[in-house]
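Read off the chains here:
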Amino acid sequence: MNYWLFKTEPDVFGIEDLAACPQQTARWDEIRNFQARNYLRDRVRTGDRVLIYHSSCKDVGIAGIAEVVSDPYADPSQFDPQHTLFDARATPGAPRWFCVDVRLLQRFARVLPLKELKREPALAEMVLLRQGRLSVQPVRPQEWEILLSMAD
DNA sequence: GCCAACGTTGGC
DNA sequence: GCCAACGTTGGC
């Protein structure tokens, strides 16, 4: 079982939107970055745990945790000519982009601010703090534990 | 809205 | 394959 951090813009789809979905479950799709795609396709599996991270918004930080409830499958949006993320180079036999389904496990009482993560020495090696612009990224088990204790 | 960082594209 | 130009992400 692996740990991940998924970024989302809450103005588009945030943790409150996930909470409002049937079974608090939604498709995590529209990933169009190769590094993120490779993690999704090759490493993310049913049962993995995910930090839901809110970006480009007022309260930037970790909003809660979710569980991956499907193995990766072809992101349907790549095949839809009406979709802004339609990819003419993708076919059902050779999809280029992938998604998974996630189910909300816990919405934190408060969004754990990015500012606090930056202050915590034990989190200095987090991918989130080391590399920008990666919407699906691995989280180390020890980082996961620290983050959950910080959220209490 | 600014702008730094970084990914992608395309000419050569 | 290099690298400049361009586009996007994302914090502030």
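Residues numbered from 1 in each chain as written. Chains lettered and ligands numbered in written order. Predicted model: local features only at pLDDT ≥ 70, side-chain atom pairs only at ≥ 80, totals over all residues. Heavy atoms only, no water.

Novice: Explain the pattern of salt bridges residue by residue, including any values.
Specialist: Here the structure, examined in full by the defined rule, presents nine salt bridges. A salt bridge links Asp 59 to Lys 58, with the shortest nitrogen-to-oxygen separation between them at 3.6 Å. Residue Asp 59 is classed as partly exposed on the basis of its relative accessible area of 44%. Here Lys 58 falls in the exposed class, since its relative accessible area comes to 77%. The network of salt bridges with common partners includes Asp 87, Arg 89 and Arg 96. (Salt bridge = Lys/Arg side-chain N within 4 Å of Asp/Glu carboxyl O. Buried < 20%, exposed > 50% of the residue type's maximum accessible area, 1.4 Å probe, protein only.)

Novice: I'd love a proper account of the protein's contact with DNA strand C, names of residues and values included.
Specialist: Around DNA strand C, the neighbouring residues are Lys 7, Tyr 53, Ser 55, Ser 56, Val 60, Leu 114, Lys 118, Arg 133 and Leu 134. Put simply, 76% of the atoms of DNA strand C that lie within 4 Å of the protein are in sugar or phosphate. Within the side chain of Tyr 53, a nitrogen or oxygen atom sits 2.5 Å from a phosphate oxygen of DNA strand C. The separation between a phosphate oxygen of DNA strand C and a polar main-chain atom of Ser 56 is 3.0 Å. Looking at the surface near DNA strand C, its residues break down into four nonpolar, two polar and three charged. (Near = heavy atom within 4 Å. Polar contact = N/O pair within 3.5 Å; in protein donor to acceptor, adjacent residues only side chain to side chain. Nonpolar A, V, L, I, M, F, W, Y, C, P; charged D, E, K, R; others polar.)

Novice: Can you lay out the UniProt feature "domain: EVE" (unreviewed entry) in chain A for me, pointing to particular residues and giving the numbers?
Specialist: When the UniProt feature table is mapped to this numbering, "domain: EVE" (unreviewed entry) covers residues 2-150. As annotated, residues 2-150 comprises 26% helix and 31% strand, and the C-alpha atoms at either end are separated by 20 Å. (UniProt positions renumbered as here; feature names shortened; annotations may be inferred. Helix = DSSP H or I, 4+ residues; strand = E, 2+ residues; numbered from the N terminus.)

Novice: Help me get a handle on helix α6 (residues 141-151), residues and values and all.
Specialist: Inspection of α6 places Glu 143, Trp 144, Leu 147, Met 150 and Ala 151 among the buried residues, and these make up the whole buried set. For α6, the arc enclosing every buried residue in end-on projection is 130°, short of the 170-degree limit, so these residues lie on one face. Taken together, the buried residues of α6 touch β1 (3-8), β3 (49-54), β4 (61-68), β6 (98-113), α4 (114-119) and β7 (136-139). (Arc of directions from axis to C-beta. Contact = heavy atoms within 4.5 Å.)

Novice: Which residues make up the protein's contact with DNA strand B, and what are the values?
Specialist: Around DNA strand B sit Asn 33, Phe 34, Gln 131 and Arg 133, and that is every residue in its neighbourhood. The contact atoms of DNA strand B, taken as those within 4 Å of the protein, divide so that sugar and phosphate hold 67%. One of the side-chain N or O atoms of Gln 131 is found 3.5 Å from a phosphate oxygen in DNA strand B. Looking at the surface near DNA strand B residue by residue, the class counts come to one nonpolar, two polar and one charged.

Novice: Describe unusual backbone geometry, and please don't skip the residues or the numbers.
Specialist: Apart from glycine, the bulk of residues carry a negative phi angle, and the bulk of peptide bonds sit in the trans form. For Gln 24, which is not glycine, the phi torsion reads 50° and is therefore positive. Relative to the assigned elements, Gln 24 resides in the loop between α2 (15-20) and β2 (25-28).

Novice: Outline the nonpolar core, supporting the account with residue identities and numerical values.
Specialist: One finds Phe 6, Val 100 and Val 136 to be the most contacted residues of the largest nonpolar core, which totals 23 residues. Elements supplying a minimum of two residues to this core: β1, α2, β2, α3 (34-42), β3, β4 and β6. When neighbours within four sequence positions are excluded, Val 100 is seen to be in contact with Phe 6, Ala 26, Arg 27, Trp 28, Leu 40, Val 44, Val 68, Ser 70, Asp 71, Pro 72 and Tyr 73. Of all hydrophobic cores here, the second largest spans 18 residues; its members include Tyr 3, Leu 51, Tyr 53 and Ile 62. (Core = buried A, V, L, I, M, F, W, Y, C linked by side-chain atoms within 4.5 Å.)

Novice: Go over α3, please, and point to the residues and values.
Specialist: Regarding α3, the residues found buried are Ala 36, Arg 37, Tyr 39 and Leu 40. The arc that holds the buried residues of α3, viewed along the axis, is 160°, so those residues lie on one side. Those residues of α3 that are buried are in contact with β1, β6 and β7.

Novice: Which residues make up the packing of aromatic side chains, and what values go with them?
Specialist: Taken as a whole and judged by the stated rule, the model has five aromatic pairs. Judged by centre distance (5.6 Å) and plane angle (40°), the rings of Phe 6 and Trp 28 are tilted. In this pair, Phe 6 sits in strand β1 while Trp 28 sits in strand β2, placing the two residues 22 residues apart along the sequence. Across this residue pair, the class does not change: Phe 6 and Trp 28 are buried. Here the aromatic rings of Phe 13 and Trp 28 are separated by 6.2 Å at their centres, their planes lie at 85°, and the arrangement is edge-to-face. Residue Phe 13 is found in helix α1 (residues 10-13), and its partner Trp 28 is found in strand β2; the two are separated by 15 residues along the sequence. Residue classification places Phe 13 among the partly exposed residues on the basis of a relative accessible area of 24%. (Phe/Tyr/Trp six-rings, centres within 6.5 Å; stacked < 30°, edge-to-face > 60°.)

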